[in-house]
Amino acid sequence: MTDRHALERALREAGVPAAYYWIEGVHEPAPTPPDFVYLRTRPGGAGGGTASWETGVYERGVHEPVATHDTEAEACAHLRTLLGVR
């Protein structure tokens, strides 16, 4: 996957339930599910040479980062892995 929109389509086509994932700006279920895996721009990560994308797990109101990524494509690939989608 090279971008978030293609990732969301692939997850939908693979039958992944909508409440299992959150993709910033593309798939943001409301009301917010109690737990899900997520992909978002890293808070404060756009400058200074740090990774600009983050994947992780949201549980009990807290974002728990699993990994940071330099590119959107890397982050999309990792979210697919977290969800077990090839």
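Definitions and limits used
Residues numbered from 1 in each chain as written. Predicted model: local features only at pLDDT ≥ 70, side-chain atom pairs only at ≥ 80, totals over all residues. Heavy atoms only, no water. Axes fitted to C-alpha atoms, helices over the stretch in contact; angles between N-to-C directions. Helix = DSSP H or I, 4+ residues; strand = E, 2+ residues; numbered from the N terminus. Parallel < 35°, antiparallel > 145°, perpendicular 65-115°, else oblique. Left-handed = near helix turned anticlockwise from the far one by under 90°. Contact = heavy atoms within 4.5 Å. Nonpolar A, V, L, I, M, F, W, Y, C, P; charged D, E, K, R; others polar. Phe/Tyr/Trp six-rings, centres within 6.5 Å; stacked < 30°, edge-to-face > 60°. Buried < 20%, exposed > 50% of the residue type's maximum accessible area, 1.4 Å probe, protein only. Core = buried A, V, L, I, M, F, W, Y, C linked by side-chain atoms within 4.5 Å. Salt bridge = Lys/Arg side-chain N within 4 Å of Asp/Glu carboxyl O.

(A) Focus on the packing of helix H1 (residues 4-13) against helix H2 (residues 72-83). Contact pair H1 / H2: the axes reach a minimum separation of 10 Å and the direction vectors enclose 20°. As the angle between them shows, H1 and H2 are arranged roughly parallel. Our pair here, H1 against H2, has a crossing hand that is right-handed. Here Arg4, Leu7, Ala10 and Leu11 of H1 lie close against H2, whose contacting residues are Glu72, Cys76, Leu79, Arg80 and Leu83. Along the lines of polarity and charge, the residues of the contact of H1 with H2 split into six nonpolar, no polar and three charged.

(B) Spotlight on the packing of aromatic side chains. What the rule picks out here adds up to one aromatic pair. Judged by centre distance (4.6 Å) and plane angle (15°), the rings of Phe36 and Tyr58 are stacked. One end of the pair, Phe36, is in strand E2 (residues 35-41); the other, Tyr58, is in strand E3 (residues 53-59), and 22 residues separate them in sequence. Judged on exposure class, the residue Phe36 and its partner Tyr58 are both buried.

(C) Seen up close, the environment of Glu28. Following the sequence through the fold, Glu28 ends up in the loop between strand E1 (21-23) and E2. Expressed as a C-alpha distance, the spacing of Glu28 and Tyr38, which sit ten residues apart in the sequence, is 9.5 Å. Here Glu28 is in contact with Trp22 and Ile23, once residues within four sequence places are set aside.

(D) Region of interest: the nonpolar core. Of all hydrophobic cores here, the largest spans twelve residues; its members are Leu7, Leu11, Val16, Tyr21, Ile23, Val37, Leu39, Trp53, Ala75, Cys76, Leu79 and Val85. Contributions of two or more residues to this core are made by H1, E1, E2 and H2.

(E) Just the pattern of salt bridges, in detail. A full pass over the atoms with the stated rule returns three salt bridges. Its salt-bridge partner being Arg4, residue Glu72 comes within 3.0 Å of it at the nearest N-O pair. In this pair, Glu72 sits in helix H2 while Arg4 sits in helix H1, placing the two residues 68 residues apart along the sequence. A salt bridge links Glu8 to Arg12, with the shortest nitrogen-to-oxygen separation between them at 2.8 Å. Of the two residues, Glu8 and Arg12 are both situated in helix H1; the distance of four residues between them amounts to about one turn of the helix. A relative accessible area of 11% places Glu8 in the buried class.

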